[in-house]
Amino acid sequence: MEFQAVVMAAGGGSRMTDLTSSIPKPLLPVGNRPLLWYPLNLLERAGFEEVIVITRKEIQKMLNLDTKMKLDFVCISDNMDMGTADSLRHIHQKIKTDVLVLSCDLITDVDLYKVVDLFRTHDATLSMLMKKTHEPTEVVPGQKGKKKPVEQRDFIGVDDTGKRLLFMANEADLDEELVIKRSILQKHPRMHIRTGLMDAHLYCLKKYVVDFLVENRTITSLRSELIPHLVRKQFSSPASLQQGLDNKEEDQKKKEQASLDIYSFIKEDNSLLKPAPDNSCWNDHRGDMNVTLHEGKVRCYVHIMKEGLCYRVNTLGLYIEANRQVPKLLLNLGLEEPLVHGSAQITDRGMVGSDSMIGSSTQIGEKTSIKHSIIGSMCTIKDKVKITNCIIMNSVTIEEGCCLQGSVICHNAVIEKGADIKDCLIGSDQRLESKAKHVNEVIVGTEQLMEI
């Protein structure tokens with residue numbers, strides 16, 4: 001087994017709490033499939049037979065996934081607040097090989113081998129996936145007129161090939177200047193700094209990186225701590241090669257630091273088997289050969305998607321956008337399933353657009369029009385209803401004469417006769433009164449109305 005696959009599915013969806021307060025993030029329906037199905041399908045298409053899924057007990061109980069892979073669920077206690085690095089550390093005894101780590105909110109049609117082959121070809125410590133940031137084009141329910149939060153940009157430095165990852169920093173961690181270490185520029189005098197790239201949270205990692213995490217418990221996040229750390233380490237010397245200290249106490253401190261250095265976890269190769277360019281004097285390195293022999297053992301690469309679909313469903317806007325793109329995605333994946341489930345009942349006078357999806361056992365009444373929308377399973381949509389640009393989850397009832405535009409209606413909601421809903425999010429189990437009018441509102445939980 002060359003790789004083990006791990007899917008992170010324990011996060012709470014902190015950037016989309018209006019949705020995830022009642023529906024766990026991995027179970028959010030996207031194109032009438034749970035969000036977690038998409039990274040699992042990506043792995044299955046790439047030939048994986050087993051996957052470790054890190055999740056919570058309540059999520060595992062509710063999952064009903066159509067997959068041929070063996071799923072090894074590892075459940076984290078609800079009262080444990082774990083970052084992604086903590087979660088990987090938690091399962092370290094199961095990790096026997098190099099590892100491919102994905103987030104449960106990744107939806108993409110990427111050819112996974114493009115990321116894996118970078119890892120293999122360059123014997124990399126890390127290879128990862130990125131794509132140009134996608135800004136949702138649809139109106140986000142409840143956010144019209146609201147000032148959009150300013151996202152901190154990532155600065156990504158790559159070489160001329162666009163594949164070697166040389167530099168990585170977030171705007172929040174920088175002063176007014178972007179400082180590039182001299183050691184990077186000596187090796188790579190030409191570097192391309194890019195912004196506007198999205199980290200897809202798909203990482204190939206060497207087994208020794210997991211070993212390093214087990215010992216270095218100060219790192220809690222893969223994305224914000226471990227990955228930047230590995231990128232920085234490419235062009236720094238191992239701690240054991242840095243200048244010695246006279247003081248015994250400082251010497252001891254230095255030994256402890258060296259034991260936590262990523263280089264100390266890399267297994268030494270037999271030097272006789274190393275290629276001559278790396279350990280002979282006839283190489284392109286200058287200076288101390290001791291440093292040269294260690295340098296270059298940490299190597300980071302990135303595959304930047306130029307075309308295709310790649311979303312991280314971590315905001316309400318991106319959740320809506322992903323649902324819009326699902327029919328195209330399923331077609332790209334060769335899953336030629338009917339957009340209208342065979343068990344759905346649509347009257348002869350009901351109209352369903354060719355870009356809409358209708359789930360199993362849903363009933364649609366006469367003179368009802370559905371355009372650019374996703375309708376879940378076991379819904380009852382009565383006569384003379386107009387639904388445009390909406391996401392309707394499971395077991396929703398929409399009574400006669402309602403008009404819904406640009407809205408998300410969560411599980412088990414009831415919309416009574418003649419209601420007019422535009423650009424709203426209606427939470428699970430909510431009931432809207434007859435002839436109610438709501439525009440740009442979020443109606444969730446115990447607070448019946450919450451204006452944004």
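Residues numbered from 1 in each chain as written. Predicted model: local features only at pLDDT ≥ 70, side-chain atom pairs only at ≥ 80, totals over all residues. Heavy atoms only, no water.

Right, let's talk about the overall build of the chain for a bit. A tally of helices and strands in the chain yields 12 helices and 33 strands. Sorting the 452 residues of the chain into buried and exposed places 51% on the buried side. Once local pairs closer than 6 in sequence are excluded, the contacts in the chain between residues at least 24 apart make up 53%. Entry remark: accessible area of the chain is about 23100 Å², with carbon and sulfur atoms responsible for 47%. (Helix = DSSP H or I, 4+ residues; strand = E, 2+ residues; numbered from the N terminus. Buried < 20%, exposed > 50% of the residue type's maximum accessible area, 1.4 Å probe, protein only. Contact = heavy atoms within 4.5 Å. Areas by Shrake-Rupley, 256 points an atom, 1.4 Å probe, with all protein chains shown as cover.)

This paragraph deals with the environment of Lys96. Its place among the elements puts Lys96 in the loop between helix H4 (84-90) and strand E6 (98-103). Distance in space between the C-alpha atoms of Lys96 and Gln4 is 7.8 Å, their sequence separation being 92 residues. Not counting chain neighbours up to four residues away, the residues in contact with Lys96 comprise Gln4 and Lys207.

This paragraph deals with the sheet that holds strand E9 (residues 154-158). With antiparallel pairing, 3 strands are arranged side by side in an open sheet as E10-E9-E11. The sheet is open, and its two borders are formed by strand E10 (165-170) and strand E11 (192-194), each paired with just one other strand. The sheet shows a mean angle of 20 degrees between the axes of neighbouring strands, taken without regard to direction. Sheet analysis places E9 next to E11, joined by 3 bridges and oriented antiparallel. (Pairing = 2+ DSSP bridges. Axes fitted to C-alpha atoms, helices over the stretch in contact; angles between N-to-C directions.)

Let's shift gears to the packing of aromatic side chains. Following the criterion strictly, the structure yields 3 aromatic pairs and no others. For the ring pair Phe3 and Phe119, a centre distance of 5.4 Å and an interplane angle of 50 degrees mean the geometry is tilted. Linking Phe3 in strand E1 (residues 3-8) with Phe119 in helix H5 (residues 112-121), this pair joins segments that are 116 residues apart in sequence. Its relative accessible area of 9% is what places Phe3 among the buried residues. (Phe/Tyr/Trp six-rings, centres within 6.5 Å; stacked < 30°, edge-to-face > 60°.)

With respect to burial, E10 is a largely interior element, 6 of its 6 residues being buried. Where E9 meets E10, 5 bridges bridge the pair, whose relative direction is antiparallel. Residue pairing across strands places Ile156 opposite Met168, the latter belonging to E10. Hairpin connection, E9 to E10: the antiparallel pair is bridged by 6 residues, and Gly162 has positive phi, about 75 degrees.

Here we take up the pattern of salt bridges. Any two side chains of opposite charge can pair, so long as their charged atoms come close to each other. Tallying each qualifying case throughout the model produces 17 salt bridges. Among the salt bridges present, the one from Arg120 reaches Asp117, with a minimum N-O distance of 2.9 Å. Of the two residues, Arg120 and Asp117 are both situated in helix H5; the distance of 3 residues between them amounts to about one turn of the helix. Accessibility expressed as a relative area gives 35% for Asp117, which makes it partly exposed. Taken together, the salt bridges that share partners define one network made up of Asp98, Asp123, Lys206 and Arg299. (Salt bridge = Lys/Arg side-chain N within 4 Å of Asp/Glu carboxyl O.)

Spatially, 6 strands are ordered E15-E18-E21-E24-E27-E30 in an open sheet, and the strand pairing comes out parallel. Each having just a single partner strand, strand E15 (345-346) and strand E30 (431-432) make up the two edges of the open sheet. Across 2 bridges, strand E27 (residues 414-415) lies against E30 in parallel orientation. Bridging from a neighbouring strand, Ile415 pairs with Leu432 of E30.

Right, let's talk about the nonpolar core for a bit. Within soluble globular proteins, side chains that are nonpolar tend to cluster in buried spots. Formed by 68 residues in total, the largest nonpolar core has its most connected members in Leu19, Leu43 and Tyr319. Tallying contributions element by element places helix H12 (residues 316-332) first for this core, with 8 residues. Excluding residues within four positions of it along the chain, Leu43 makes contact with Ala5, Val7, Phe48, Val51, Met69, Leu100, Leu102 and Leu112. Counting residues in hydrophobic clusters, the runner-up holds 42 residues, among them Met8, Leu197, Leu230 and Ile266. (Core = buried A, V, L, I, M, F, W, Y, C linked by side-chain atoms within 4.5 Å.)

Low-pLDDT portions of the prediction should not be read for the details of their coordinates. Residues at a pLDDT of 70 or more form 85% of the chain, whose mean pLDDT is 84. For the stretch residues 269-294, pLDDT sits under 50, and the model shows 28 contacts to residues farther than four places along the chain or on other chains. Of the regions scoring below 50 in pLDDT, residues 447-452 engages in 17 contacts with residues more than four places distant in sequence or in other chains. (pLDDT = per-residue confidence, 0-100.)

Structurally, the position occupied by Tyr203 is in strand E12 (residues 197-205). Relative accessible area serves as the criterion here: at 2%, Tyr203 is assigned to the buried category. If we skip the residues at most four places from it in the chain, Tyr203 touches Val99, Leu100, Val101, Leu126, Ser127, Met128, Leu222, Arg223 and Ile227. For Tyr203, the side chain forms a polar contact with the side chain of Asp199, separated by 2.7 Å. (Polar contact = N/O pair within 3.5 Å; in protein donor to acceptor, adjacent residues only side chain to side chain.)

So, on to unusual backbone geometry. Even without being glycine, His372 reaches a positive phi, approximately 45 degrees. Here His372 is to be found in the loop between strand E19 (369-371) and strand E20 (374-375). The backbone of Asn389 sits at a positive phi, close to 55 degrees, despite the residue not being glycine. Secondary-structure assignment places Asn389 in the loop between strand E22 (386-388) and strand E23 (391-392).

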